[in-house]
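Coordinate inspection notes
In case you want the letters, here they are:
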Amino acid sequence: MALTPKIPNVVLYHYDASPFATKVKNLLAVKQIPHYRVEVSTTLPRPDLADRLGVTYRRIPVLAIGRDVYCDSSLIATVLERRFPPSEGYSTLFPARKGGGKADTGMVKALCTFYADRAVFPLAAENLPYRKFTPEFVNDRSAWLGKKIDPAAMEANQPVVKGWLVSHLTLLEEQLADGREWLLDTETPSLADITVHFPWAWMQQFRSLRDLFDRAKYPASIAWITRTSEYIAKIGSQQKLVLENIAGAQAAEIISSSAPEDPRTVGFDEGEAARLGIKQGQYVSVTPSDNGKIPTVGKLVSLNREEVAIETQGTSGISVFCHFPRLNFVIKPDGGIKGKL
């Protein structure tokens, strides 16, 4: 699908080893959305985001669409469906169930956010070989977690963690045991397939977990992982989706010269604002509630029950509209910021 003046520029900030960046790359492939890529450091600082755009959110990936910057892969999935809808010729992340069934949306989002991302993935990450990583990387991830990583203690606990993963893989096998092609028996892979797939596909690279993937015990699960990987690879190869790998300075120029999404799309819920003690136009901080608790500060633009957007500004004066999900993020008035915008 070629870019036209009506289609906003899309820029993905990523690094190759990030499994969540892989998840978003897979979403872009399934949706068949052409985009630019900016490679960032695996550890802080990340000046291409913090300095150029004023986005101090520390997790990767981050996705810009036009002049809007979206943080957290759960929100990115929802926004891709909103901004690149099936009505305009894009594939859907929420296909209908086979046999004329309806599409599942809300519970699929919940499954992806609270099961795949926050139940299965952390167990996978417990098996990372931290002894082989540099002190810089371990210290960075300790700061991200909010506690010191002890590689020896993690290794000692890996049999327990692997036992939990066996239980999760058993649940997956149960779901697929009736011979269905996709997790929720949909016409094509859904957001559920893409999101549940990425931690298991990532774990297949771990030497310590190779014995977990026993085809005799989990034939349907392993076939589904392979089938999903092949589907993503095939659909992603059908056209040139990566337009160019670009530097952060060029990305900032592309983003800042683009038009933002109409803020009325997200809207402003006065009731939610009153609940949080904030007002439109006020400076607020938005911070993850679980880990990577670095606040991003900006002027409150939009707020609804699922999403919040603030206007941030980089050191060069470039301003963007930075969006976060409401779930798992804390919004507070920020009294320490001086008006800059």
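Our structure's up above, just so we're on the same page.
The structure reproduced in this document is the subject of the present report.

Scoring rules and cut-offs
- Here the residue index of a chain counts from 1 through its sequence in written order.
- Under the rules for a predicted model, residues below a pLDDT of 70 receive no local features and side-chain atom pairs below 80 are neither given nor counted, while totals for whole chains, interfaces and linings still include all residues.
- Note: side-chain values were computed over all heavy atoms of the structure, leaving out hydrogens and water.
- Helix and strand definitions follow DSSP, with helices as H or I runs of at least four residues and strands as E runs of at least two, each counted in order from the N terminus.
- Radius of gyration: C-alpha atoms only; globule rule: 2.2 Å multiplied by the number of residues to the exponent 0.38.
- Relative accessible area decides the class of each residue, using a 1.4 Å probe on protein chains only: under 20% of the type maximum gives buried, over 50% gives exposed, and in between gives partly exposed.
- We call two residues contacting when some pair of their heavy atoms lies within 4.5 Å.
- By the convention used here, strands pair only if DSSP detects at least 2 bridges between them.
- Lines fitted to C-alpha atoms define the axes, with helix axes restricted to the stretch in contact, and inter-axis angles between N-to-C directions lie between 0 and 180 degrees.
- Here, nonpolar core refers to any group of buried Ala, Val, Leu, Ile, Met, Phe, Trp, Tyr and Cys residues whose side-chain atoms link them within 4.5 Å.
- Stacked, edge-to-face and tilted labels apply to pairs of Phe, Tyr and Trp rings (six-membered ring for Trp) whose centres lie within 6.5 Å, assigned for plane angles under 30 degrees, over 60, and everything in between, in that order.
- Charge over a ring is defined by NZ of Lys or CZ of Arg lying within 6 Å of the ring centre and within 35 degrees of the ring normal.
- Expected span of a helix: the number of residues minus one, times 1.5 Å.
- Bend, in this description, refers to the angle at a residue between axes fitted to the seven residues ending there and the seven starting there.
- Cysteine sulfurs are considered disulfide-paired once they come within 2.5 Å of each other.

A short note on the overall build of the protein chain
Counting secondary structure elements, the protein chain contains 10 helices and 10 strands. In terms of overall size, the protein chain behaves like a compact globule, its C-alpha atoms giving a radius of gyration of 20 Å where 341 residues would be expected to give roughly 20 Å. For the C-alpha atoms alone, the extent of the protein chain along its principal axes is close to 60 × 50 × 40 Å. Residues classed as buried in the protein chain amount to 51% of the 341 residues present. When contacts within the protein chain are restricted to residue pairs at least 6 apart in sequence, long-range pairs at least 24 apart make up 70% of them.

So, the sheet that holds strand β8 (residues 307-313)
Strand order in the open sheet formed by 10 strands is β5-β2-β1-β3-β4-β9-β8-β7-β6-β10, and the pairing between neighbours is mixed. Either end of the sheet is taken by a strand with one partner, and the two such strands are β5 (242-245) and β10 (329-333). Recorded for the sheet is a direction-independent mean angle of 35 degrees between the axes of neighbouring strands. Two strands pair when backbone bridges link them, and strand β2 (residues 35-39) and β5 are joined in this way by 3 bridges, in the parallel orientation. Looking at the pairing, Arg37 lines up with Asn245 of β5. Relative to strand β1 (residues 10-14), helix α1 (residues 19-31) is tilted by about 155 degrees, and along the sheet it contacts β1, β2 and β3 (62-65). Along the sheet, helix α3 (residues 73-83) contacts β3, β4 (68-71), β8 and β9 (319-325); its crossing angle with β4, the most-contacted strand, is approximately 135 degrees.

Some points on helix α5 (residues 135-145)
Those residues of α5 not exposed but buried are Phe137, Val138, Asp140, Arg141 and Ser142. Downstream of α5 by one or two residues, Gly146 has phi in the positive range, about 85 degrees.

So, the nonpolar core
For soluble globular proteins, nonpolar side chains are generally found buried alongside one another. Counting 35 residues, the largest nonpolar core has Val11, Tyr13, Leu53, Val55, Val286 and Phe324 as its most contacted members. Residues in contact with Val11, not counting those within four places in the same chain, are Tyr36, Val38, Val62, Leu63, Ala64, Ala251, Ile254 and Ile255. If you look at the next biggest cluster of nonpolar residues, it comprises 34 residues, including Leu123, Ile149, Phe206 and Leu212.

So, unusual backbone geometry
That bond from Leu44 to Pro45 is cis: its omega, 5 degrees, falls within 30 degrees of zero. Residue placement: Pro45 occurs in the loop between β2 and α2 (47-53). Put simply, Ile60 and Pro61 share a cis peptide bond, and its omega is 15 degrees. We note that Gln32 has phi near 60 degrees; this positive angle belongs to a residue other than glycine. Looking at the secondary structure, you find Gln32 in the loop between α1 and β2. We note that Asp185 has phi near 60 degrees; this positive angle belongs to a residue other than glycine. Checked against the element boundaries, Asp185 lands in the loop between α6 (151-176) and α7 (191-203). When its relative accessible area of 28% is taken as the criterion, Asp185 is described as partly exposed.

Observations regarding the packing of aromatic side chains
Inspection of the entire model under this criterion finds 14 aromatic pairs. When the ring of Tyr130 is compared with that of Phe133, the centres are 5.5 Å apart and the planes differ by 90 degrees; the resulting orientation is edge-to-face. According to the relative accessible area criterion, Tyr130 is buried, its value standing at 9%. Judged by its relative accessible area of 29%, Phe133 falls in the partly exposed class. Each member of the aromatic cluster is reached from another via a ring pair, and the members are Phe20, Phe121, Phe198, Trp202 and Phe206. Arg227 extends its terminal NZ or CZ atom over the ring of Trp182, reaching a point 5.7 Å from the ring centre.

A word on helix α4 (residues 106-125)
In this model α4 runs 27 Å from its N-terminal to its C-terminal C-alpha over 20 residues, within 8% of the 28 Å that 1.5 Å per residue would give. At Ala116, α4 is deflected by roughly 30 degrees, the largest bend along its length. Among the residues of α4, Val108, Cys112, Thr113, Ala116, Asp117, Val120, Phe121, Leu123, Ala124 and Ala125 are the ones counted as buried. In the core, the buried residues of α4 are packed alongside α1, α3, α6 and α7.

Remarks on the pairing of β8
Burial of β8 is extensive: 6 of the 7 residues sit out of reach of the surface. Relative to β8, strand β7 (residues 296-303) runs antiparallel, the two sharing 4 bridges. Across the sheet, the residue bridging to Leu300 is Ile310, located in β8. In textbook terms, the turn of a hairpin is the stretch between consecutive antiparallel strands, and for β7 and β8 this stretch comprises 3 residues. The antiparallel pairing of β8 with β9 creates a hairpin that spans 5 residues between the two strands, and Gly317 there sits at a positive phi of about 95 degrees.

Re the state of the cysteines
Applying the stated criterion across every chain, the model contains 0 disulfides. There is no disulfide at Cys71, and the cysteine sulfur nearest it, in Cys322, is 3.7 Å away.

Concerning the side chain of Thr43
Along the chain, Thr43 turns up in the loop between β2 and α2. You can call Thr43 buried: its relative accessible area is 5%. If sequence neighbours within four positions are ignored, Thr43 has contacts with Glu136, Phe137, Asp140 and Arg141.

The analysis is restricted to geometry; functional conclusions fall outside its scope.
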